[in-house]
Every structure is written in structure tokens, then in C-alpha cells.
Amino acid sequence: MMRLRQLLALAPLLLAGCGFHLQGRHDLPRSLASVRLEAGDEQTDFYAGLRAALLVAGSRLEAAPPGAATIHVLEDRSGERVLTVSARNIPTAYLLNYRVQVSVDYQGRELLAPEVHTVTREYSFDERALLAKQRERDTLQRALADELVALVMRRLAALQ
């Protein structure tokens, strides 16, 4: 019983020593402690997700001083296209895509040059389940935005 307690007490130290971090938690550099987030459209899934991820990471967004880092969301768009159609010319599969372009400036210098990130996902379509498929499409689009947020947060965490 005593050994079990000792092992449990050592577990966090062992995990921390091997570089383990909780998923979704990013340690940002000091230059991103205060951030201004600039985007053409602040109502997108990506913008909302990035804003939430920055707050979770400890960045201040509301009262960013004039010398704060600025994250520019230069492009934020999603779309879909038909992949396959049935013999009756009815779509049976779509390809969703989500594309963002992001750059970061800090005190007059470019920390991250504009980078384009794109993710795609296929989904099947059945006209008999129209409402369910619309809900599936919306869920997949949010998942793509979340995937892009995680990717951008990893890039931000790697900045010096």
C-alpha cells in the first residue's frame, strides 16, 4: 500500500519530466501574453475558437496595450463541393474544406509570416435524412475549425 502511494506521488513528476502536456493546453511565449486579434469577420467558428484558446492559454485580449502582439486572421473561409452524384444526378458525397491564413506581428517585427492552413473532410449525403445531414455538416465544419485552431496554437507556442 505504501509503494502504491509513492508511485502515485511520483507519477506527476515522471509525466512532467517526459514532456507530457494536457491536450489543448499550449504554453505561449511571453511576447503573446497580451494579444490583439484582428479579423475581417469575427463571427466565424475559427475566430471564436482561436479567441477561446488564447484565453485558456493565459493571453489577455481585452486590454491589450499598444505594444502588444497582433494576430492577423487574413483569410477565414469554408466551403464545400460535390464529390459524387447518383445515377439520378443527386449528390451523394461532399468535400468540406476550411482555409485560414494567419500572421503575427510584435513590436514592429514579424514573428510569423502569413501562413495558409487548409483542412478537408468528406461526408456522405442522403436526401432522405436532410436535417440530420445538415446538422452533420455543421458539426464537421466546427470540427474543422477546431482542428485549425489547434494547429495555429501549436504554431504560436513554437514562436520565440
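Note: the structure precedes this text.
Basis of the calculations
- Residues numbered from 1 in each chain as written.
- Predicted model: local features only at pLDDT ≥ 70, side-chain atom pairs only at ≥ 80, totals over all residues.
- Heavy atoms only, no water.
- Core = buried A, V, L, I, M, F, W, Y, C linked by side-chain atoms within 4.5 Å.
- Buried < 20%, exposed > 50% of the residue type's maximum accessible area, 1.4 Å probe, protein only.
- Helix = DSSP H or I, 4+ residues; strand = E, 2+ residues; numbered from the N terminus.
- Contact = heavy atoms within 4.5 Å.
- Polar contact = N/O pair within 3.5 Å; in protein donor to acceptor, adjacent residues only side chain to side chain.
- Expected span 1.5 Å × (residues − 1).
- Arc of directions from axis to C-beta.

Chemist: So what exactly am I meant to see when it comes to the nonpolar core here?
Modeler: Side chains of nonpolar character tend, in soluble globular proteins, to be buried together. Counting residues in each nonpolar core, the largest one holds 35 residues, and the members touching the most others are Phe46, Leu50, Leu54, Ile71, Met153 and Leu156. In terms of residues, this core owes the most to one element, helix H3 (residues 130-157), which gives eight residues.

Chemist: Looking at this structure, I do not really get the environment of Ser59. What am I missing?
Modeler: Among the secondary structure elements, Ser59 is positioned in the loop between helix H2 (45-56) and strand E2 (69-85). Look at Ser59 and you get buried, because its relative accessible area is 5%. If sequence neighbours within four positions are ignored, Ser59 has contacts with Leu28, Leu32, Ala33, Val35 and Leu54. A polar contact is formed between the side chain of Ser59 and the backbone oxygen of Leu32, at a distance of 2.6 Å.

Chemist: In this structure, what is going on with H2? I would like to understand it.
Modeler: The periodicity of an α-helix, 3.6 residues per turn, causes residues three or four places apart in sequence to face the same way. Taking 1.5 Å as the rise per residue, H2 with twelve residues should run 16 Å; its terminal C-alpha atoms sit 16 Å apart, in good agreement. Looking at H2, one finds that the buried residues are Phe46, Tyr47, Gly49, Leu50, Ala53 and Leu54. Taken down its axis, H2 places every buried residue within 165° of arc, on the same side. Looking one or two residues beyond H2, the residue adopting positive phi is Gly58, at roughly 100°.

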